[in-house]
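# Structural overview
Chain by chain, the residues:
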Amino acid sequence: MRTSECDLVIVGVGGQGVILISDVLGRAAVLAGKPVCGAETHGMAQRGGSVINHTRIGCRFSPMVAAGGADVLVALEPAEALRFAQFLSPAGVALVNTRPVLPSTVTSGKARYPPLDEILAPIEGHSSRVIAMDATALAQTAGSSQAMNVVMLGALSRYIPISEDLVLQALAQVVPPRFLEINRKAFVLGKAEVE
Amino acid sequence: MYPNDYQREGANNSPTIKRWLPVREYLLGNAAIARGLIEAGVGLVAGYPGTPSSEIIETLVGFKSERPPHVEWSVNEKVALEVAAGACWTGRRAAATMKHVGLNVAADPFMTLAYLGVGSGLVVICADDPYCHSSQNEQDSRRYAQFAGIPCLDPENPQEAKEMTVFAFELSEKFNIPVMLRPTTRVSHAREDVEVGQAAKSATKGRFVKDPARRVALPIHARPLHHELLAKQAAIEEELEKAPWNSIELKGDTGIIASGIAGLYAKEAVTELGEDLSLLCIGTYPLPGKMIRHMLEHVRRVMIIEELEPVVEEQVRMIAREVNPGVEILGKDAAISREGELDYLRVREAIANMIGKPACQEPSDLPMGVLPPRPPSLCPGCSHRATYYAMRKVFGKKAIYPSDIGCYTMAVGMGTVDTCLCMGASITLASGIAFGGEEEGICCSLGDSTFLHGGMTGLLNAAYNKARITVTILDNSTTAMTGHQPHPGTGMTATGEETTRVSIEALARALGAGMVETVDPYRLDETMESFKRARDYPGLSVIIARQPCVIRARRGGARPKTFQVGEECIGCKLCLDYDCPAIEFENDKAKINALCSGCGVCAAICSSSAIKEVAR
């Protein structure tokens, strides 16, 4: 028996805005009257390390998504998509920003950053669908590369059991008013990528 | 579905509570605890930052009301708990917040407060960190509560954490004893739609009532108080037996007893497996003995699921000897790990294994080997990197570098972090290493907040006992690792009020350091000169390396300088040795990427003067 309506795992690098996505989703779920829970990464790992955020819509149990249980994996960075791909269910969908953020192990020449195919191919084999997009470029089109996370939120909005109106309403609660227009544009551009 | 003005106005605002309707909000566990404190009408909250507990006080700081509680970042956890105890003795509800290792620091007042008791309610909020997500160990605070004879509440989610916070004050007052609330990382940093209630009206001003028999722990008072403490345990257990956080459902003859968040995992597993299992979920200590008896009388086999120590299991085994010696008990010895944290899958697999159900399908193999590691690291432009670079250049590879608790432990790869034990231990370990006979140079380091928390006594001891060491205070003028909380060296209180700014230089001199110098670590040459003088100083030397945390500086609107690598680069990779994420290597030449914060230290390191500041 399923214990959650929709399980999401949102991953990236500390500072990319992973928490904002789950905050918007949680608030939108509250507006929709659905129980919702999640788990965040705080503390040491936030300093440029890998971060993972779990969000479970329509759920009253564990705040973490089980490995192999996520309906959607949202990755703000390609290497992090593969790092956390084990959370994806075989029937799940991966939404991946293709713009790499090089870890210091790579910039200092100690490790190699794999080409995009090497990252995406195994995720394709592991799940039902991978949708890759240069969300950072789309965010720049919208007006600021900082809105990359909202591009991904727009793409994600097609896969969650919450109406778009409520997601946008929640977004307006979270984003400072002067950046709202850019973020709305970013949201629309992200959504268009999966249509 | 929850239409009300509060939500539409923006839950993004600080938790100002106007007119309350029942509202659900998507709250972080720690914010839910803060809300519980407000709903309980707390008069004072004191704490020291520590992951995963820090957001409790940070949430309270934004709370506005006619008479807001006194909220403070204390100098350390012992101080916080004593301040809270003093406040509760004036008749105002008080709480102290800390992470699990902070309770070690506060253990002295904690143990004796159990004897002396409270005025109004006193709650010790101690956040545990199974798996050491952001800690140096994974000790289980339920043991401390048991040790002190203090009741402990172990929430399974943010909603429960909030309700338990309010209940903890009532319990504390009813039994005249401090109460511990023990969330774990997965509760403190979980989020959930939490039903929030109304803020309690703040109490009027408190007054201290003299009562030597209950406030002065002389032996003649302590002996009867110890007797009283032991005597009230049974009554506390009976009261907690009725608490809503202990629930029992007797079904089949295989049972599960789970505590705290493990109860949530167990409930999910039982639901998902669809099995007819008996389930006892526990949220309070002393444990609900009667419920455990009922379970043991009902089942022939029981699994105990709890994180870290076998606190529940030990009690269950004792009770089983009386009521059902034949019952099969599965726990830490077989099914459930005593290390790290549990999660839903681990709990599910343990239960499935016990009842002979198949395990979940193993996820397919993913080629994780192609991925570059991404460890947390010092930020680009972090002054700690510059200080450590200069330190290592001067003291050399063979020198001994005791370090401490803070962001700077991430510089372990630079060779300047040889130890990390507990808050302030860099100075005392360095002293001991010197007295032990080590002949290499000894240069220890700790942050400003860590120095004020637990380093000052060590410095005093080093001076008094003539340790010939160098102490480096990495002063970024904040408590960076836990999210930039102020401390006495910043001239600002938790609530943003201006206050006395304590001089670290004056403190170091007053504590007996013979040489005290302050440097700007971005000025590499001057910093190295200063380290040389400290190295050659025939006594206790202190270097204060001061440069604001680069994250704070950026948020404060600092406009960074811009640097580029010119044609002069000979590809010697000397700058790569600096390990700054803003320096890349491309086509045999160094390159500065967009992460650069403009500290300019690499320009000083470059041997061919290829890195230059450019106009923006």
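### Remarks on the overall build of chain A
Scanning chain A from N- to C-terminus turns up eight helices and six strands. Traced from its N-terminal end to its C-terminal end, chain A shows the element sequence β-α-β-β-β-α-β-α-α-β-α-α-α-α. Against the globule reference of 16 Å for 195 residues, chain A gives a C-alpha radius of gyration of 16 Å, in line with a compact fold. In terms of overall dimensions, chain A has C-alpha extents of about 50 × 45 × 35 Å along its principal axes.

### Re the pattern of salt bridges
Here the idea is simple: oppositely charged side chains can pair when their charged atoms come close. All names here are of chain B. The tally for this structure, following the rule as stated, stands at 57 salt bridges over all chains. Between E39 and K162 there is a salt bridge whose closest N-O contact spans 2.9 Å. In this pair, E39 sits in helix 2 (residues 29-39) while K162 sits in helix 8 (residues 158-175), placing the two residues 123 residues apart along the sequence. For K162, a relative accessible area of 5% gives the class buried. Among the charged side chains, a salt-bridge network with shared partners connects D128, D140, R142, D154, R182 and E306.

### Some points on the state of the cysteines
A covalent bond between the sulfur atoms of two cysteines is what we call a disulfide. Residues and elements named next belong to chain B. Counted according to the given criterion, the structure contains zero disulfides over all chains. There is no disulfide at C88, and the cysteine sulfur nearest it, in C126, is 17 Å away. A relative accessible area of 0% means that C88 is categorised as buried. The structure places no disulfide on C599, whose sulfur is separated from the nearest cysteine sulfur, that of C602, by 6.1 Å. Accessibility expressed as a relative area gives 17% for C599, which makes it buried.

### Quick notes on the interface of chain A and chain B
Contacts between chain A and chain B engage 61 residues on the former and 59 residues on the latter. Together, the buried faces of chain A and chain B total about 5100 Å²; carbon and sulfur atoms form 59% of this surface. The tally of links between chain A and chain B comes to eight salt bridges. Our count for the chain A to chain B interface comes out at 13 residue pairs in polar contact (both at pLDDT 80 or more). Counting residues per element, the ones that place at least two in the side of chain A that touches chain B are helix 1 (18-31), strand 2 (36-39), strand 3 (50-59), helix 2 (78-83), helix 3 (104-107), helix 4 (116-126) and helix 7 (164-174) of chain A. Of the strand pairs in this sheet, strand 2 of chain A and strand 8 (residues 190-196) of chain B are connected by three bridges, and their pairing is antiparallel. Within strand 8 of chain B, the residue paired with A39 of chain A across the bridge is A190 of chain B.

### A closer look at the domain arrangement of chain B
Residue and element names in this part refer to chain B. Under the domain assignment used here, chain B contains domain 1 (6-241), domain 2 (247-355), domain 3 (383-555) and domain 4 (563-613). On a C-alpha basis, the centres of domain 1 and domain 2 stand 28 Å from each other. Carbon and sulfur atoms supply 50% of the area buried between domain 1 and domain 2, which totals about 2200 Å² over both sides. In terms of surface lost to domain 2, no three residues of domain 1 exceed R142, E156 and E241, which account for 30% of the buried area on that side. A salt bridge links R142 to E306, with the shortest nitrogen-to-oxygen separation between them at 2.9 Å. The interface formed by domain 1 and domain 2 holds 18 residue pairs in polar contact (both at pLDDT 80 or more) in total. Elements supplying a minimum of two residues to the side of domain 1 that touches domain 2: helix 7 (141-148), strand 6 (152-153), helix 9 (185-188) and helix 12 (233-241). Considering every element that reaches the side of domain 1 that touches domain 2, the biggest residue donor is helix 12, with six residues. Residue composition of the side of domain 1 that touches domain 2, by class: ten nonpolar, six polar and eleven charged.

Rules used throughout
Residues numbered from 1 in each chain as written. Chains lettered and ligands numbered in written order. Predicted model: local features only at pLDDT ≥ 70, side-chain atom pairs only at ≥ 80, totals over all residues. Heavy atoms only, no water. Helix = DSSP H or I, 4+ residues; strand = E, 2+ residues; numbered from the N terminus. Rg over C-alpha atoms; globule rule 2.2 N^0.38 Å. Salt bridge = Lys/Arg side-chain N within 4 Å of Asp/Glu carboxyl O. Buried < 20%, exposed > 50% of the residue type's maximum accessible area, 1.4 Å probe, protein only. Disulfide = S-S within 2.5 Å. Contact = heavy atoms within 4.5 Å. Buried area = accessible area lost by both parts, 1.4 Å probe. Polar contact = N/O pair within 3.5 Å; in protein donor to acceptor, adjacent residues only side chain to side chain. Pairing = 2+ DSSP bridges. Domains from an automatic or database assignment. Nonpolar A, V, L, I, M, F, W, Y, C, P; charged D, E, K, R; others polar.

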